[in-house]
Amino acid sequence: MAILLHNAILATMSDGYGLSQDAIVIDGDQIAWMGGLTDLPATYARAERHDLAGRLVTPALIDCHSHIVFAGDRAAEFEMRLNGASYEEVARAGGGILSTVSATRAASEAALLANALTRADQMIAGGVATLEIKSGYGLTVADEMKLLRVAREVGRQRPLSVRVTHLAAHAIAPEYTGRAGAYIDEVAIPSLQAAQAEGLVDAVDAFCEGIAFSPAQVERVFLAAQALGLPVKLHAEQLSDLKGAVLAARFKALSADHIEYMGVDGVAALARSGSVAVILPGAFYTLRETQIPPIAALRAAGVPMAVATDCNPGSAPMTSLTLAMNMACTLFRMTPLEALQGTTLHAARALGLHDRGQIAAGQRADLAIWHAQHPAELSYRIGATPLHTRIFGGRFDA
Ligand code: DI6
Ligand code: FE
């Protein structure tokens, strides 16, 4: 039976917030109709009615950048950094990503899944219905496959659309210290090919940075992705400007992510390629970074900006996407409208999805009903979980 939602404030996200007081009819897993209650088509007269008591409804949130499959934690490194060590110094001393790699390799697939599900549940409770999950803490062919399988399984076990991203080019495995090129040839590319053969990959990412891979090495991963027909994205300009965004744009990347140190050339390249700029204020906050991403230039160039958690054990131990929205506003002076576009409309584009991110007839019925009346409240509160109810694919959460 169809479902009718009425007496709600809708932020449709078409043309700004697209605020309206219309009713919505959900039929199956799609939004079937939207309009004034008095114009309800006769076919939906008997739909199951839900009075939302004036609450705000938005598209369910989309977290387009996360690394939730890992074992262990990095609290000790947090302390080291508070005592003055930088993220790069910790990484070069064999800590950082590589310490999570050891813990992750040692963990069973079942344990990794249990951990990832806990994080996914927190995201669901925060209003997220689509989540991107990356590999990148295995760094052998077998371990990367293990992480990708776990990521896929999260989407089978929960009411959540999961997009899986291959990120074997996240760090140089300890067995390949000083031999990043060999790691690309022997692990990053073969693991991509093997994972793609098993349907475990939706997109391909890499970390382009002094402590990770050079643009030339990333380009080889991108060429392998292109040969497999897979879209790419990139961790670019997080700690320095290696021109990763320009490279990503050349490959028509879905997105360039982090981009604190991106220059005007990167902004122009993203504007030309139509790639999304993914803003990750949680990592900026955790690393006590001071270089702010070029928000004003991106805005002026019309580059769509998404906002994501980057949930990971090192630089962003956070699962709250509304907290990331708050940080995007407070730390980067994004507007609450931009923050919400960044977790709905533009986040969908960053994943190459066009069937979600707005409230409109024909879109997937993924909705978030909030304890709020105005969308700016979602960015304004700090660390709150303002979700009232979530609807995933036309079904209310139990
Ligand atoms: N940049 C990040 O912020 C995450 N990955 C990356 O390339 C951090 C990953 C970690 O520190 O575990
Ligand atoms: Fe990341």
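Reference entry: report on the structure contained in this document. None of these values were measured; they are calculated from a predicted model.

### Description of the site of ligand 1
Then comes step 1: Contacts to ligand 1 come from 14 residues, most closely from Arg74, Tyr87, Tyr137, His170 and Ser315.
Then comes step 2: Within the side chain of His170, one N or O atom sits 2.8 Å away from a nitrogen atom of ligand 1.
Then comes step 3: At 2.6 Å from an oxygen atom of ligand 1 is found a side-chain nitrogen or oxygen belonging to Ser315.
Then comes step 4: Look at ligand 1: alone it shows 320 Å² of surface, and the protein chains cover 100% of it.
Then comes step 5: A majority-of-atoms criterion places ligand 1 in the largest cavity.
Then comes step 6: For the shell around ligand 1, the per-class residue count stands at four nonpolar, eight polar and two charged.

### Focus: the coordination of the iron ion (ligand 2)
In an ideal octahedron of six donors the angles at the metal are 90 or 180 degrees, and in an ideal tetrahedron of four donors they are 109.5 degrees.
Then comes step 1: Protein coordination at the iron ion (ligand 2) comes from His65 (NE2), His67 (NE2), His235 (NE2) and Asp310 (OD), with a distance range of 2.1 to 2.2 Å.
Then comes step 2: Geometry at the iron ion (ligand 2) is irregular, judged from its four donor atoms and the angles of 83 to 168 degrees they form at the metal.
Then comes step 3: Of note, the donors binding the iron ion (ligand 2) are all from one chain and are spaced H-x1-H-x167-H-x74-D. Of this pair, His65 sits in the loop between strand E6 (61–63) and helix H1 (75–82) while His235 sits in strand E10 (residues 233–236); the two residues are 170 residues apart in sequence, bridging distant segments of the chain.
Then comes step 4: The class for His65 is buried, based on a relative accessible area of 0%.
Then comes step 5: Judged by its relative accessible area of 2%, His235 is buried.

### Focus on empty space enclosed by the protein
The probe, sized like a water molecule, is rolled over the atoms to show the empty space still left.
Then comes step 1: Going through the model one piece at a time under the given rule, you end up with three cavities of 30 Å³ or more.
Then comes step 2: Taken as a whole, the largest cavity encloses approximately 90 Å³ of empty space.
Then comes step 3: Taken together, 14 residues line the largest cavity, and the ones lying closest to its centre are Tyr87, Ile97, His170, Asn312 and Ser315.
Then comes step 4: Its residues assigned to classes, the lining of the largest cavity shows four nonpolar, eight polar and two charged.

### Observations regarding unusual backbone geometry
Then comes step 1: Of note in the backbone geometry, Lys243 takes a positive phi value of approximately 70 degrees without being a glycine.
Then comes step 2: As for its placement among the helices and strands, Lys243 is situated in the loop between E10 and helix H8 (244–250).
Then comes step 3: For Lys243, a relative accessible area of 36% corresponds to the partly exposed category.
Then comes step 4: You will see that Lys252, though not glycine, has its phi angle at about 50 degrees, which is positive.
Then comes step 5: With respect to the helices and strands, Lys252 occurs in the loop between H8 and strand E11 (255–258).

### Some words on the environment of Asp257
Then comes step 1: Take Asp257: it is sitting in strand E11.
Then comes step 2: We classify Asp257 as buried; its relative accessible area is 0%.
Then comes step 3: Expressed as a C-alpha distance, the spacing of Asp257 and Met80, which sit 177 residues apart in the sequence, is 26 Å.
Then comes step 4: Those residues in contact with Asp257 that lie beyond four places of it in its chain are His65, Leu234, His235, Ala236, Val278 and Leu280.

### A closer look at helix H7 (residues 215–227)
Then comes step 1: Its 13 residues place the ends of H7 18 Å apart at the C-alpha level, agreeing with the 18 Å of an ideal helix rising 1.5 Å per residue.
Then comes step 2: Of all the residues in H7, the buried ones are Gln217, Val218, Val221, Phe222, Ala224 and Ala225. Summarising the axial view, the buried residues of H7 lie within an arc of 155 degrees, below the 170-degree limit, and thus occupy one face. Exposed and oriented more than 90 degrees from the buried face of H7 are Ala216 and Ala227.
Then comes step 3: Structurally, H7 contributes buried residues whose contacts are with strand E8 (161–169), helix H6 (180–197), strand E9 (203–208), E10 and H8.
Then comes step 4: Directly after H7, the chain includes Gly229, whose backbone phi takes a positive value near 75 degrees.

### Quick notes on the pairing of strand E12 (residues 276–279)
Then comes step 1: Burial of the side chains of E12 extends over both faces: Val276 and Val278 are buried on one face and Ala277 and Ile279 on the other.
Then comes step 2: As judged from the three bridges shared by E11 and E12, these two strands associate in the parallel manner. Among the inter-strand pairings, Ser255 is bridged to a residue of E12, identified as Val276.
Then comes step 3: Where the polypeptide runs from E11 across helix H9 (residues 264–273) and back to E12, its parallel neighbour, the crossover connection is right-handed.
Then comes step 4: Bridge count between E12 and strand E13 (residues 305–307): three bridges; the pairing is parallel. Note on E13: the bridge partner recorded for Ile279 is Val307.

### What about the packing of aromatic side chains?
Then comes step 1: A full pass over the atoms with the stated rule returns five aromatic pairs.
Then comes step 2: Measuring from centroid to centroid gives 4.8 Å for Phe284 and Phe332, while their planes differ by 80 degrees, and the two rings are edge-to-face. Of the two residues, Phe284 sits in helix H10 (residues 281–286) while Phe332 sits in helix H12 (residues 321–332), which places them 48 residues apart along the sequence. The exposure classification of Phe284 matches that of Phe332, with both residues buried.
Then comes step 3: Members of the aromatic cluster, joined through ring pairs, are Tyr176, Tyr183 and Phe213.
Then comes step 4: Over the face of the ring belonging to Phe70 we find Arg119, whose NZ or CZ atom lies 3.6 Å from the ring centre.
Then comes step 5: Positioned above the aromatic ring of Phe392, the side-chain terminus of Arg364 is 4.8 Å from the ring centre.

### Here we look at the environment of Tyr137
Then comes step 1: Looking at the secondary structure, you find Tyr137 in the loop between strand E7 (128–134) and helix H5 (141–157).
Then comes step 2: On the basis of relative accessible area, Tyr137 is assigned to the buried category, the value being 1%.
Then comes step 3: Linking Tyr137 and Ala71, residues 66 residues apart in sequence, is a C-alpha distance of 8.9 Å.
Then comes step 4: Filtering out sequence-adjacent residues up to four positions away, Tyr137 remains in contact with His67, Val69, Phe70, Ile97, Thr100, Val101, Thr104, Glu144, Leu147, His170, Asn312 and Pro313.

So, how was this worked out
- Residues numbered from 1 in each chain as written.
- Chains lettered and ligands numbered in written order.
- Predicted model: local features only at pLDDT ≥ 70, side-chain atom pairs only at ≥ 80, totals over all residues.
- Heavy atoms only, no water.
- Near = heavy atom within 4 Å.
- Polar contact = N/O pair within 3.5 Å; in protein donor to acceptor, adjacent residues only side chain to side chain.
- Areas by Shrake-Rupley, 256 points an atom, 1.4 Å probe, with all protein chains shown as cover.
- 1 Å grid on protein atoms, 1.4 Å probe; cavity = no way out; pocket = protein on both sides within 12 Å on 5 of 7 lines; lining within 4 Å.
- Sits in = over half its atoms within 2 Å of the grid points.
- Nonpolar A, V, L, I, M, F, W, Y, C, P; charged D, E, K, R; others polar.
- Donors = N, O, S within 2.8 Å, 3.2 Å for Na, K, Ca; no water.
- Tetrahedral: all angles 85-135°; square planar, octahedral: opposite > 155°, others 65-115°.
- Helix = DSSP H or I, 4+ residues; strand = E, 2+ residues; numbered from the N terminus.
- Buried < 20%, exposed > 50% of the residue type's maximum accessible area, 1.4 Å probe, protein only.
- Points joined across faces, edges and corners; volume = space filled by probe spheres on them.
- Contact = heavy atoms within 4.5 Å.
- Expected span 1.5 Å × (residues − 1).
- Arc of directions from axis to C-beta.
- Pairing = 2+ DSSP bridges.
- Right-handed = clockwise from strand over helix to strand, strands pointing away.
- Phe/Tyr/Trp six-rings, centres within 6.5 Å; stacked < 30°, edge-to-face > 60°.
- Lys NZ or Arg CZ within 6 Å of the ring centre and 35° of its normal.

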